[in-house]
Structures are given as C-alpha cells and as structure tokens.
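Report on the structure
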4 protein chains.
Amino acid sequence: MTPPTTGLLAENTTDNNDHLVQSDDPEHPANLIPSLCAKFWTLGWVTGTGGGASIRDDDLVYLAPSGVQKELMKPSDIYVLSLAAQAQSLSRRQRVYLRSPPVYKPSQCTPLFLAAFTKRNAGCCIHTHSHWAVLVTLILEQQGSKEFRINNIEQIKGFGKGFQKSGNLGYHDTLVIPVIENTAHEEDLTEFLEEAMDKYPDTYAVLVRRHGVYVWGDNVHKAKTQCESLDYLFQLAVEMKQLGLPWITDIEPTIPTRKD
Amino acid sequence: MTPPTTGLLAENTTDNNDHLVQSDDPEHPANLIPSLCAKFWTLGWVTGTGGGASIRDDDLVYLAPSGVQKELMKPSDIYVLSLAAQAQSLSRRQRVYLRSPPVYKPSQCTPLFLAAFTKRNAGCCIHTHSHWAVLVTLILEQQGSKEFRINNIEQIKGFGKGFQKSGNLGYHDTLVIPVIENTAHEEDLTEFLEEAMDKYPDTYAVLVRRHGVYVWGDNVHKAKTQCESLDYLFQLAVEMKQLGLPWITDIEPTIPTRKD
Amino acid sequence: MTPPTTGLLAENTTDNNDHLVQSDDPEHPANLIPSLCAKFWTLGWVTGTGGGASIRDDDLVYLAPSGVQKELMKPSDIYVLSLAAQAQSLSRRQRVYLRSPPVYKPSQCTPLFLAAFTKRNAGCCIHTHSHWAVLVTLILEQQGSKEFRINNIEQIKGFGKGFQKSGNLGYHDTLVIPVIENTAHEEDLTEFLEEAMDKYPDTYAVLVRRHGVYVWGDNVHKAKTQCESLDYLFQLAVEMKQLGLPWITDIEPTIPTRKD
Amino acid sequence: MTPPTTGLLAENTTDNNDHLVQSDDPEHPANLIPSLCAKFWTLGWVTGTGGGASIRDDDLVYLAPSGVQKELMKPSDIYVLSLAAQAQSLSRRQRVYLRSPPVYKPSQCTPLFLAAFTKRNAGCCIHTHSHWAVLVTLILEQQGSKEFRINNIEQIKGFGKGFQKSGNLGYHDTLVIPVIENTAHEEDLTEFLEEAMDKYPDTYAVLVRRHGVYVWGDNVHKAKTQCESLDYLFQLAVEMKQLGLPWITDIEPTIPTRKD
C-alpha cells in the first residue's frame, strides 16, 4: 500500500499560471484534451469519469484532473506540470504542478502518463476503460496468458514498428500487447507498466487486467489513431472469440504477378 | 391494486409558479433535467418515454412528467414539489405540486424518486430502462438470485462506499446491487424499493426485475457517473455471461515492491 | 405480379401546391418527416434508403419519396395526397397527388401507410428495416411461427391497448405482433397487412418476414414512441435468445401490502 | 513485392491548382469527401485512418490522402488526378496529380479506386474497414469460401442489377459478393480486384479477406447507399451466424391474390 500522492505548486511559481491553459487555438493541448475526451466519451472509453488523456508539449505536460465527467471537461480543469521540474523533485510520488485547477484533485493516472513521456518520449498518452479491452484481458486470463497476440488483420498496419523505429507493422506481422495485473491503487500500476515497457520495448500500449488499456504515440495524432486501431482489434477479437475464430493464423502471403 | 395518485397544487399557491422552471443557468435543475434526459436517450436508457430523472435542490424537487419523449423535453414540462409540504400531506399518495406543466400528468416514478430524496438525502435520482440492466435481472432470475454481485473490475471504483460514508469502493470490493420484483403499477414499487434501501443501507442503486434500475447520488454529478458506471458493469456482465466468464472471482492482490 | 403504380396530379390542381410543404413550424409534417427520418437513420432503422415515415393531418397525407437518403431528406422532397380524393379514384393502385417533388418517384410503401390511415385512423405510420426486427422474424421462422409474443417486460406498457380502446397494456399482458410473409414487390404486402389488421384488431404493428416492421399510432408522438418501444423489445428478444432466455414466462404478480 | 508508387504533378501544371478543391457548394467533391468520411467515422467504417472514399467528376478524380484522421479531413487535404492524363502515363504505378495537399502522401487505395472508375465508369468508390465486413470474410474463410451469398432479405433490393443494367436486384435474388485474399501491400490488391471485377461483371463490391470491403456506384448517392445496405447485410449475416440461421434459404414466393 502506498501513501497518497501530494501535489505542490513549483517553488518558483508566484501565481497559478492560468495563461498556460488559455488559448484560442483548438490544437492547444488545453483545448485538445477536452475535445478529445468528449469524443472518447461517445466511444464508451471514458465512462463514469474513468479513463483520460494527457498531452506533452516539449517540457510541459497537460493532464485531466481526477473524477471529472470527461465529456464536460473545460480547459480550466487542466493541470500543467514541468517534466524537468518533476525530474528534480526529491520524490517520484510528489508532483510539482505549474498550474492547478481550483476544485479538482490530480488524477491517479498521472505517473502512468509520465512513464510514457519519460521512458518513450511520447507526445500523448490515452487511457481507456473500453469494455472491449477489459473483455480481452478476461479472455486471456482464462487462458492463463499475459499477452494479447493477433496477426493477419489489415488494421494491424495502424501501429508503428516500435520506439525510434520508422514505419509501421505489416499485415502479416503479429501485434503483441502485454497485459499487466491490476493493482488496488492505480498509481501502483506504474512500476508494472514500466516493467512491461522494458520487456516489450516496441509496444505502444499496455493492457491492464480487468481495467482497460494505456496507449501512447509520438504525438496526439499517433496516440489517438493507435488507440482507435487497438480498440477496433479488441472488439474484433471478442467477436472472433464468440464465433470460435482464432486470433493467430498461419496464412501464406498472396503475391501479385503483374509487372509494370 | 392501488388507487391512482392525485396531484394538487399546494394550498398557499396563488399561481403556477412558472418562475421555478425559468432560468438562464444551464445548471438549473429545470434546464439540467432536459439536457441530461436527451443524453440518456442517445444511450438507450429512456427509450419510448420510459425511464427519467429527478433533481432535488434543498427542499425543492424537480420532476419530469409522465409520457414525454425524453430527448424532446423542455424546462416548461417540469413539475416542482416541496419536500416539506409533501411531508405534511395527509396521504403519501397525494402529491402537492408547487408547479405543474399545463399538458402532462405526473410520473409514476415520483414516489420512487422521493424515496431516494427522503431516505437517502440524495440530490438526484435516475431511472433507466437500459436493456443491459434488464438482461442482468433476467440472468439472475434464471439463477434464482435477488442480488447482482461483481468484483475485481476497475469500474467498481466509480461507486461511493455508502450513505454517509466517505470514499469509494475499491477494486477488490464486491459491488452488490439488490433486485426487487416488478409490480403491475410502478408506484407500487415504492414499498419494495424502500425495503431494499433498509436491507442494503449502503447501496446507491436498486435493480427492478424485467424493468430497469434506479440509481441515485448525493448530487447530479454522483448520480450520473454512478449510473454510467453501473450501466458499463451491466453491459460487461452480460458480455461476460455470453463468453462463459464468472462475475465473481477470487484474485490475489498485486502488491507493488518499489519504495520511494 | 402487379403492374406498377402510377402517380397523377389531382384533376382540379392547377399547380404543384408547393405551399403544402412550406412552413416555418418545425412540427409541420413536411418538416417533421425529414427530422424524424434523420433521427431514425442514426438508430439504423432506415439504412440505405430503406424504411420511411408518413404523417396524416386530417385529410392530407405527407409521404417521403422512394430512394432518398433518409438522413438528407428535405421538405421539398415530400409528396402530399388527399385521402378523400384517393377514395374517389377509380383504382386503388393509382395515386392522386396534390403535390409531388420534382425529381423523385412515389414510395412503394405508400399503400401500406394508407392502410394504417384508412383502416385504423392512424396519424402517423413508420416503417423500419431495423435488423432487430428482421432477426426476430428469422428466429420465429425457425420456430414455424407467425406471431411475436412477449410478456412480463416493463416496456410493454409503451403500447396502447388497441384501436379505439383507452389506456395502455399492462406489465403482465402479452404483447402480440403478427408476422406476414414478405412479397417480391412491397406494394403487394398491402393485402396481407390489411388481413393482419383484420385478424389482430388491436395491434399497432405488423412485422414483415426478412424485411422489417410497420408501426403506427394515433399521432406522431404515439407512432414514434411505440416504434421505439418495439425496437427495444426486439433487441431485448434477440439478446434473450442468445442467452437462452424465454420470451414468455408465467410470473406470479407481486402485490404491495402497504395501505395509505 | 512492388516498388512504392510515386506521385508527380502533371507536366503542364504550373501551380498546384488549389482552385480544384475550393468551392462553396457542399456537393462539390472536395467538400463531400470530408463530410462523407466524417459520417463514415461515426459508423466505424474508417477507424484509425483506415478506409476512405474517392469521387470522380467526369475526368477528375478526388482522393483522400493517406494516414489522415477521416473525421477531421479538410477540402485542402484532397488530391486531384486526371483520368485522361493518368491513362497516358508511361507506368500504371506512377500517378500524375493535378493537385496535391502540402503535407500528406497519396493513399495506397488510389489504384483500387481508379479500377472502379476506369473498368466500371463508377462515380464514387468507398473503402471501409467495417468489422462486420471483416467478420464475414473470417466466417467464409472457415468455410473455405471465396463468395458471400445471401438471399431473401429485403435490403438486397438496395443493389443495382449490375454494370450497364437498369433496375435493382429483387427480394428473392441472391446477392453475391466476391472475396479476394489480402496482400501485404494494399496497392497489390489492384490486380486481384480487377480479376474479381472480370469474373463477377455485375458486382458493385469486392470483399477483401481480413481487411474490409470496396463498394462503388454510378454516383455518390448509389455508392453510399449500396455501401450502407451492404454493411447492414454483413451485420445481419454475422448475427444470423451467431444465432445459427443460414444465409441462403429456399423460400416459395408469396403471391398476392387481389386484383384491381
């Protein structure tokens, strides 16, 4: 059991830096997180305040607060944190916020998002409670498995080959997503998420048993489209299971004959 | 069989008090009930005029009328009732409305909403006909059970520990929702709903067999997010049943090792 | 095989009567049909130009044309027909339109909508291709059945007791919807729809095998909410079938004991 | 394995011809492709940048780029290509664009869309990754089949009889959609798509195993409504499979008796 995280304003901060979340640009992270989360709510990914999203812009990390209805979030609800300041903090569990919303508490997902930013240089990380993700972890649990594996589905091409590698997976490649066991406290997942990142250096996502999934990408576009592609594959996998179809198959590549 | 409820204006009311449902504030209960119900309609919770929602603001209770299309409701359709005046009424079944819409009849759900307000001091109560809720009651009926029980799913954390208790349920806790049998007349459910509240003092919801669910909370935010979390769990439970996965499991907690 | 329907303008019509479909009132039938159909498209009821809706206002019948994308329909696409003029027509199969859109053809559903208006004095009739309706007819076909029957589900209360009867069905009542066999040409369904209306004088809907459902009501509100309630029940019935749960059960009524 | 396609501006092009994608008309292809794709995104057809749509206006072909989030596409993202110029190109694999967006790459779907335009004179071609389409190909794979066949479902009437034939399929007709095997590179599908068009001269769609479907039509209206009808039938087919219902049945036509 871990003591609760405390959130402090950075020492050299004389006000709440509200300008960090005020912009007319719809692509500004403080505007983008609410609009993305509203979209995710319609997809069933962030039901009942569950799940969330975080964006990193260079040194600054923008975070949704805890316990907010995700389709109703406002830019003024957003926390901002400096990665550099955080790195100099005495404790990994003490957060140093440049900007805090007046009424909310920090999200327990914060250290998990930070893991994606610091260990993988991600620009965005999304956490969903999608029930397709949860069902996949339950099916795998019955099989005693800690890995989701699927191949020979076109949508697999929606994933990058891995950290610092160029290009995307191919149709015949096997997409492998590790599953970590859920913990009583979400912050305590951080250690296991980081272990999974170490063991699966090319993965862009980690499933959490009976909980959901964390998906990241180099930028918002990549994190969001990888998260969509993965949810599509999870839904397909559950439906394949219901129809008795295997997730892994051995298919001979189809070779075109025409030459130009 | 019970005689139909009558609705009277309070004695000391000289007009229809339309000001009670007129406000520019989108958070005013008379505006919030229509916007919430429109959202619930898209979720399939209030199909075909079924289901509804009520908000309590101190002594005043705001109620949707009977038989209205929930996605088309207007603030002027809302009933307003005084809890104090109601308590002084000679009969539990006679309602004393401060404000009534011109064309509608009071909802048969009214005494059930009042039960949540008076017995649990709730600030909002939602009633859905979600078919996930109905399917759960049907599956339980086959098992001869009067309780929905599920544990070891992250979304369980979306529920408070109970009436006048602080904090939420944990991941390993078992969420228990009582099921009451449906009655021919919805008002007649009140007695059984109140019994279930007495028998399950910490529950925030009661399932009604072959009918739907009543969910409440200290305020609109908590009632709505608990209702969303519960519907998520009902859907997950039905899909788990289709895949042959049990709702209750015995899982050893995962303990983090890292110390900071 | 039946010769195709012809559509003529009424003899005493000197222009196309475009004023009949021009109104600023969103509740005007020429505005309501497009807005309802756009909503039905999002529900999957009128996919790929299938399905439709018609409204009767006294003697005038407003009809969507054939082959139009239902979520894109405009008031100017609407046909208008006089019931009285139609009754005086020499042939049941020749339509006499007061107003026709410039580019479309009349819908093959027209005589089926007219059956609801003339035989049941309906104010609105909705035709959906909802796949829940189609699946129910397929399940019944396997059972050699020409009737959908379900009881002891709360949503059954969403239906009126029957033509010229007051009040709605009760929770313990059995809702019975006849199924007619599909014909190669939609107009040819009319005879069988009318037969089903004669045989089931209290029904507000007729299922068409492997095709969809026709639902009507005294007015738009009743037709739409009955159609929603029915689709809810069809979906529930399919899911009950997948879970091995019976549609008809023998349940002892639950009687309240409290007296006021 | 095929060398990647190159995209060149046409020789006689002195600028990027941005006027080709600038119009106030919502029906202009450069406006229609984004609005259609946004709608398709909500249907789950173009998840995670998968799928797409192309429109032909006489000699000009409008194409969505590769890797764009389909619900966020803008007119300025659109490629424009001349069929005549393309036909004079030395290589089938070298595209000659009249107009290119500044930041994107051409879609790998381009030669497949061009096949529909050149071999079938289509006015619009849609490519979806709908998981209903993918599941149908997986079910057929288990049966060793390269054809989706379904009959006696009303929605089949949503398809034209075939290239240069007038009228639509009838209720009792069997809709046949060929399935081609997926290739590692989407461009390499072109040869097999064209073979399927030759072998099935009347089809308006080709399924791609474990990938999705290509659907076309003489114009946008027909391509879109045929694509909707097909997706409806794929969903129905998967649900029929789950319920143990056959896709092909032998049904005696129902003949009306009434004469007018």
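For chain A, an unreviewed UniProt entry supplies the name Methylthioribulose-1-phosphate dehydratase and the organism Triangularia setosa. What UniProt records for chain A under Pathway (unreviewed entry) is the sentence "Amino-acid biosynthesis; L-methionine biosynthesis via salvage pathway; L-methionine from S-methyl-5-thio-alpha-D-ribose 1-phosphate: step 2/6." What UniProt records for chain A under Catalytic activity (unreviewed entry) is the sentence "5-(methylsulfanyl)-D-ribulose 1-phosphate = 5-methylsulfanyl-2,3-dioxopentyl phosphate + H2O".

1. Overview of the interface of chain A and chain B
Contact with chain A, which involves 39 residues of that partner, is made by 32 residues of chain B. Counting across the chain A and chain B interface gives two salt bridges. Between K224 of chain B and E71 of chain A there is a salt bridge, and its shortest N-O distance comes to 2.3 Å. Here chain A and chain B share 20 residue pairs in polar contact (both at pLDDT 80 or more) between them. Residue assignment for the side of chain A that touches chain B shows that the elements contributing at least two residues are helix 4 (131–142), helix 5 (189–199) and helix 6 (220–242) of chain A. If one sorts the elements of the side of chain A that touches chain B by residue count, helix 4 of chain A sits on top with eight residues. Per-class residue counts for the side of chain A that touches chain B are 10 nonpolar, 17 polar and 12 charged.

2. Topic: the packing of helix 4 (residues 131–142) of chain C against helix 6 (residues 220–242) of chain C
Residues and elements named next belong to chain C. Between helix 4 and helix 6, whose axes approach to 8 Å, the crossing angle comes to 50 degrees. Relative to helix 6, helix 4 is oriented oblique. The way helix 4 lies across helix 6 gives a crossing that is left-handed. Here W132, A133, L135, V136 and I139 of helix 4 lie close against helix 6, whose contacting residues are D231, F234, Q235, A237, V238 and K241.

3. A few points about the packing of aromatic side chains
Here the structure, examined in full by the defined rule, presents 20 aromatic pairs over all chains. A centroid spacing of 5.3 Å and a plane angle of 65 degrees characterise the contact between F148 of chain A and W247 of chain A, whose relative ring orientation is edge-to-face. Of the two residues, F148 of chain A is situated in strand 7 (residues 147–151) and W247 of chain A in the segment after helix 6; the sequence distance between them amounts to 99 residues. Here F148 of chain A and W247 of chain A have matching classes, each one buried. With a centroid separation of 5.3 Å and an interplanar angle of 70 degrees, the aromatic rings of F148 of chain C and F234 of chain C are classed as edge-to-face. Linking F148 of chain C in strand 7 (residues 147–151) with F234 of chain C in helix 6, this pair joins segments that are 86 residues apart in sequence. Residues F148 of chain C and F234 of chain C agree in their burial class; the two are buried. Put simply, the rings of F148, F234 and W247 of chain A touch in pairs and so form one group of aromatic residues. The aromatic ring of W41 of chain B is capped on one face by K39 of chain C, whose charged end is 5.1 Å from the ring centroid.

4. A short note on unusual backbone geometry
All names here are of chain B. A positive phi angle, close to 55 degrees, is found at N121, a residue other than glycine. Here N121 shows up in the loop between helix 3 (110–120) and strand 6 (124–128). A relative accessible area of 48% means that N121 is categorised as partly exposed. Positive phi, normally seen in glycine, also occurs at Q164, with a value near 65 degrees.

5. A word on the relation of the copies chain A and chain B
Expressed as a screw transformation, the operator carrying chain A onto chain B has a rotation angle of 90 degrees and an axial translation of 0.0 Å, and the superposed copies differ by an RMSD of 0.0 Å. Here the two chains are linked by the operation of a four-fold rotation axis. Within chain A, the C-alpha atom positioned nearest to the axis of rotation is that of Q242 of chain A, 5.6 Å from it. Of the interface residues in chain A, just 3% have counterparts in chain B that sit at the interface too, so the contact is made through distinct surfaces.

6. Regarding helix 4 (residues 131–142) of chain B
With 12 residues, helix 4 of chain B should reach 16 Å at 1.5 Å per residue; the first-to-last C-alpha distance of 17 Å fits that figure. The buried fraction of helix 4 of chain B is high, at 10 of 12 residues. Of all the residues in helix 4 of chain B, the buried ones are H131, W132, A133, V134, L135, V136, T137, L138, I139 and L140 of chain B. Where helix 4 of chain B is buried, its residues touch strand 7 (147–151), strand 8 (174–180), strand 9 (205–208), strand 10 (212–217) and helix 6 (220–242) of chain B together with helix 6 of chain C. Once helix 4 of chain B finishes, G144 of chain B follows within two positions and takes phi at roughly 65 degrees, a positive value.

7. What to know about the UniProt feature "binding site: Zn(2+)" (unreviewed entry) in chain A
Listed under "binding site: Zn(2+)" (unreviewed entry) in the UniProt record, and renumbered for this structure, are H127, H129 and H211 of chain A. Look at the named residues: they lie 85 residues apart in sequence, but the longest C-alpha span between them is just 10.0 Å, so in the fold they bunch up. When you line up the elements, H129 of chain A lands in the loop between strand 6 (124–128) and helix 4. Excluding its chain neighbours within four sequence positions, the residues that come into contact with H129 of chain A are W45, G50, G51, V134, H211 and G212 of chain A together with E154, Q155 and Y232 of chain B.

8. Here we look at the arrangement of the chains
These two, chain A and chain C, are apart from each other, with no contact and a minimum C-alpha gap of 11 Å. For the non-touching pair chain B and chain D, the nearest C-alpha separation works out to 11 Å.

9. Concerning the relation of the copies chain C and chain B
Between chain C and chain B, which share one sequence, the superposing operator has a rotation angle of 90 degrees and an axial displacement of 0.0 Å; the RMSD is 0.0 Å. When the interface residues of chain C are mapped onto chain B, a mere 3% of them again lie at the interface, so each copy presents a different face.

10. Observations regarding empty space enclosed by the protein
Counted under the stated rule, the structure contains two cavities of 30 Å³ or more. One number sums up the size of the largest cavity: a volume of about 50 Å³. In terms of lining residues, the largest cavity is bounded by E141, E181, N182, R209 and R210 of chain C together with Y171, H172, I251, E252, P253 and T254 of chain D. The residue inventory of the lining of the largest cavity, partitioned by class, reads three nonpolar, three polar and five charged. A volume near 40 Å³ is recorded for the second largest cavity. Lining the second largest cavity, in full, are W45, T128, S130, A133, V213, V215, C227, L230, D231 and F234 of chain A. Elements with a contribution of two residues or more to the lining of the second largest cavity: strand 10 (212–217) and helix 6 of chain A. For the lining of the second largest cavity, the element with the highest residue contribution is helix 6 of chain A, accounting for four residues. Considered class by class, the residues forming the lining of the second largest cavity number seven nonpolar, two polar and one charged.

11. Points about the side chain of N152 of chain B
On the secondary structure map, N152 of chain B appears in the loop between strand 7 and strand 8. On the basis of relative accessibility, which here comes to 2%, the residue N152 of chain B falls in the buried class. A distance of 2.8 Å separates a polar atom in the side chain of N152 of chain B from a polar atom in the side chain of H172 of chain B. What N152 of chain B contacts, discounting residues up to four positions off in sequence, is R210 of chain A together with Y171, H172, D173, T249 and I251 of chain B.

12. Here we look at the interface of chain C and chain B
On the side of chain B, 39 residues touch chain C, which itself brings 32 residues to the contact. Taking both sides of the interface into account, the surface hidden between chain C and chain B amounts to around 3,000 Å²; carbon and sulfur atoms contribute 54%. E71 of chain B is the salt-bridge partner of K39 of chain C, the closest N and O atoms lying 2.6 Å from each other. Taken together, chain C and chain B are joined by 20 residue pairs in polar contact (both at pLDDT 80 or more). Counting residues per element, the side of chain C that touches chain B draws most heavily on helix 6 of chain C, at 11 residues. Classifying every residue of the side of chain C that touches chain B gives 11 nonpolar, 13 polar and eight charged.

13. Describing the pairing of strand 6 (residues 124–128) of chain D
Residue and element names in this part refer to chain D. The element strand 6 is largely enclosed, with a buried count of five among its five residues. Pairing of strand 2 (residues 52–57) with strand 6, which is carried by four bridges, proceeds in the antiparallel orientation. Pairing of G52 across the sheet is with H127, part of strand 6.

14. With respect to the pattern of salt bridges
A full pass over the atoms with the stated rule returns 56 salt bridges over all chains. Its salt-bridge partner being K157 of chain A, residue E154 of chain A comes within 3.0 Å of it at the nearest N-O pair. On the basis of relative accessibility, which here comes to 4%, the residue E154 of chain A falls in the buried class. Between D18 of chain D and R99 of chain D there is a salt bridge, with its nearest N and O atoms 2.9 Å apart.

About the criteria used
- The numbers attached to residues start from 1 for each chain and follow its sequence in the written order.
- The lettering of chains begins at A and the numbering of ligands begins at 1, in the order of writing.
- Predicted model: local features are reported for residues with pLDDT of at least 70 only, side-chain atom pairs are reported and counted for 80 or more only, and whole-chain, interface and lining totals are derived from all residues.
- As a rule here, side-chain values come from all non-hydrogen atoms in the structure, and water together with hydrogens is ignored.
- UniProt positions are given in the numbering used here, feature names are shortened, and annotations may be inferred rather than shown by experiment.
- Residues are treated as being in contact if the distance between any of their heavy atoms lies within 4.5 Å.
- Any carboxyl oxygen of Asp or Glu within 4 Å of a side-chain nitrogen of Lys or Arg constitutes a salt bridge here.
- Any pair of N or O atoms that falls within 3.5 Å is considered a polar contact. Within protein, one atom must be able to donate a hydrogen and the other to accept it, and sequence-neighbouring residues count only if both atoms are side-chain atoms.
- A run of DSSP states H or I qualifies as a helix once it reaches four residues; a run of E qualifies as a strand once it reaches two. Both are numbered from the N-terminal end.
- Think of it as three bins: nonpolar holds Ala, Val, Leu, Ile, Met, Phe, Trp, Tyr, Cys and Pro, charged holds Asp, Glu, Lys and Arg, and polar takes everything else, Gly as well.
- A fitted line through C-alpha atoms serves as each axis, taken over the contacting stretch for helices, and the angle formed by two N-to-C directions is quoted from 0 to 180°.
- When describing relative orientation, an angle under 35 degrees is termed roughly parallel and one over 145 degrees roughly antiparallel, while 65 to 115 degrees is termed roughly perpendicular and anything else oblique.
- Less than a right angle of anticlockwise turn of the near helix away from the far helix marks a crossing as left-handed, whereas a clockwise turn marks it as right-handed.
- What counts as a ring pair is set by centres within 6.5 Å for rings of Phe, Tyr and Trp (its six-membered ring), and what kind of pair is set by the plane angle: stacked under 30 degrees, edge-to-face over 60, tilted for all other angles.
- Accessible area is worked out with a 1.4 Å probe on protein chains only. A residue is then buried under 20% of its type maximum, exposed over 50%, and partly exposed in between.
- For a lysine, the NZ atom is tested; for an arginine, the CZ atom; a charge sits over a ring if that atom is within 6 Å of the ring centre and within 35 degrees of the ring normal.
- Superposing the copies works by least squares over the C-alpha atoms of residues that have pLDDT at least 70 in both of them.
- For a helix, the expected span equals 1.5 Å multiplied by the number of residues minus one.
- The rule is simple: put a 1 Å grid over the protein atoms alone, call a set of points where a 1.4 Å probe fits but cannot get out a cavity, call an open set with protein on both sides within 12 Å along at least five of seven lines a pocket, and count a residue as lining if it has an atom within 4 Å of a point.
- Grid points are joined across faces, edges and corners, and a volume is the space filled by probe spheres set on the points.
- When two parts are put together, the accessible area they lose, computed with a 1.4 Å probe and summed over both, is reported as buried area.
- Whether two strands pair comes down to DSSP finding at least two bridges between them.

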